[in-house]
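# Report on the structure
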Amino acid sequence: RGNMKWSEMESENETLRKSPSSCKVAVIGAGAAGLVAARELIREGHDVILFEQTESVGGVWVYDPEIEDDDLLGIRKARKRVHSSMYASLRTNLPREIMGYTDFPFLPKEGRDGRRFPGHAEVAAYLEDFAEFYGILNYVQFCTVVEYVGVCKKGNKISWNVRTRRRDETEGGKEEVFDAVVVCNGHYSEPKLAEVPGISKWPGVQLHSHNYREPGSFTDKIVVVIGNAASGEDISREIARVAKEVHISGRTWSSNVDFSEPIGDHGNIWRHTMIECTCEDGTVKFKSGGSVSADIIMHCTGYFYYFPFLDTQGEVGVDDNCVGPLYQHVFPPSLAPSIGFVGLPWKVVPFQLCELQSRWIAMALSGKISLPSPQEMMNLVQDFYAKLEASGKTKRLAHNLATSQYEYDNWLSDQTGSAPVETWRIKIYEATSRNKRHNPETYRDVWPDEDLHYQAFALLEQIDL
Ligand code: FAD
């Protein structure tokens, strides 16, 4: 069925849904992960409801000019939540030809943002196209918040009680029982802050990048940005256009960084080691010895995994920002395959990875794929944690697949009988990473791998939907 045209498959789905291998599945979240999970589950003949708390598909890619109503840090649990962490000018950090799902090419369209590294609105439009093309919108319950997902065990049978509530209702809600749940609620909405000695008495303004939208309020300010990963680097360069000075404090810098030389188009960005402490007079001191008197500290320090609705009776938890125990980042051994998590890995090409994980879940649910026994899966998870520890890494890095993402993708491809990742995708990913490292200001518009780009487009244009 993976090779059938979607229109041909639609007519077969009704029959499949009546087969004993069809499950009633709740998918939580209609972002890039939830949409492709729904597509794979529908393709496999499952009976799907996709719950989405907002009024649109696309998740983080749906730009929201609103920010949260707490103190810009996003730490109060009861705050008014804003899901998206996109800022107005954000462009992708992956080229479109490797960013899209493998069988639904992310090609430029007439009248839209056709850039190789497009803005967020283009990605949101692509995800809408995807949802429309595969008829997924018919399966989505919009403006419906999943409030509770609880496991129910009766003998060997596992089911899930799911309570949802329409966003416009303050009371009540609806309870339904599902055979399976696929968790796709995203992991870029619950801000993680840097722990900085003295910060509670530091008098300046603090915010987390989750609540950053535009640079205007940084005009003429001295800003310290904590975190030198993708968001920290990009946002620093944007605010440096209007700020007086920007100081990036990073945990990991490459060995050839010269801390004494400013960088950036305006020569007003300095790099520093981590912060030693902040003082009541506004000073921020760095471990390397320097200090600045700053007006604003922006935490570009990432996010927590957060599943406020989930009750697995202690079978799955979050420990040091590692969701576990999970077999291959997807299945809790004792509850597999009745619950699966899609999209947890980071430092990856997410859409392709979500596509493969979703296929694995859909096929495991219909019994086409057998998983190892719960005990075997648990042993494999424990081995994985032991190897992580032996390599000097904490659990915090468990879902960081930077150096092993293609190995992981190919493992999933193998499980699901899908084609391995094409070599051109890996080459483009590596060329982009190199270009980004050497030319952080220009990598989105000047590409040494232009030939690969056009070859990829030629291949993608041949895909017959
Ligand atoms: P999300 O997009 O977050 O979707 C989760 C969905 O679940 C949302 O629609 C949300 O409303 C819904 N939801 C959550 N909780 C509930 C609930 N209780 N009930 C109902 N619905 C719920 N990736 C790239 O490939 N390229 C990039 O250039 C790139 N840049 C990025 C830049 C930033 C600033 C960020 C934050 C991320 C970036 N990413 C990028 C990663 C991006 O997160 C993934 O590409 C992908 O979109 C994640 O999809 P998701 O479905 O897992 O999560």
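Please read these numbers as outputs of a predicted model, since none were measured by experiment.

## Some words on the pairing of strand S5 (residues 157-166)
- Strand direction decides the pairing type here: strand S4 (residues 144-154) and S5, joined by 10 bridges, are antiparallel. Along S5, the bridge assignment pairs lysine 154 with lysine 157.
- As consecutive antiparallel partners, S4 and S5 are separated by two residues, and within that stretch glycine 155 has a phi angle of approximately 60 degrees, a positive value.

## Observations regarding the packing of aromatic side chains
- This model, assessed by the stated rule, comprises 24 aromatic pairs.
- Both rings, one in phenylalanine 384 and one in tyrosine 385, keep their centres 6.0 Å apart while their planes meet at 45 degrees; by these two values the pair is tilted.
- Relative accessible area serves as the criterion here: at 33%, phenylalanine 384 is assigned to the partly exposed category.
- In textbook terms, an aromatic cluster arises when at least three aromatic residues are bridged by ring pairs, as seen for Tyr101, Phe104, Phe106, Tyr126, Phe130, Phe133, Tyr134 and Phe351.
- Just above the ring of tyrosine 134 sits the side chain of arginine 39; from NZ or CZ to the centre is 4.7 Å.
- A cation over an aromatic ring shows up here: arginine 96 above the ring of phenylalanine 106, its NZ or CZ 4.4 Å from the ring centre.

## Looking at the site of the ligand
- In the vicinity of the ligand there are 30 residues, among which Glu52, Val60, Trp61, His83 and Asn93 approach most closely.
- Here an oxygen atom of the ligand and a backbone polar atom of valine 60 are 2.9 Å apart.
- Here an oxygen atom of the ligand sits 2.7 Å away from a polar atom, N or O, in the side chain of histidine 83.
- Contact with the protein chains covers 93% of the free accessible surface of the ligand, which is 990 Å².
- Of all elements in the fold, only helix H2 (32-43), S4 and helix H6 (350-365) reach the threshold of two or more residues within the shell around the ligand.
- Of the residues forming the shell around the ligand, the biggest block, three residues, is contributed by S4.
- Residues of the shell around the ligand, tallied by class, amount to 17 nonpolar, 12 polar and one charged.

Rules used in this analysis
Residues numbered from 1 in each chain as written. Predicted model: local features only at pLDDT ≥ 70, side-chain atom pairs only at ≥ 80, totals over all residues. Heavy atoms only, no water. Pairing = 2+ DSSP bridges. Helix = DSSP H or I, 4+ residues; strand = E, 2+ residues; numbered from the N terminus. Phe/Tyr/Trp six-rings, centres within 6.5 Å; stacked < 30°, edge-to-face > 60°. Buried < 20%, exposed > 50% of the residue type's maximum accessible area, 1.4 Å probe, protein only. Lys NZ or Arg CZ within 6 Å of the ring centre and 35° of its normal. Near = heavy atom within 4 Å. Polar contact = N/O pair within 3.5 Å; in protein donor to acceptor, adjacent residues only side chain to side chain. Areas by Shrake-Rupley, 256 points an atom, 1.4 Å probe, with all protein chains shown as cover. Nonpolar A, V, L, I, M, F, W, Y, C, P; charged D, E, K, R; others polar.

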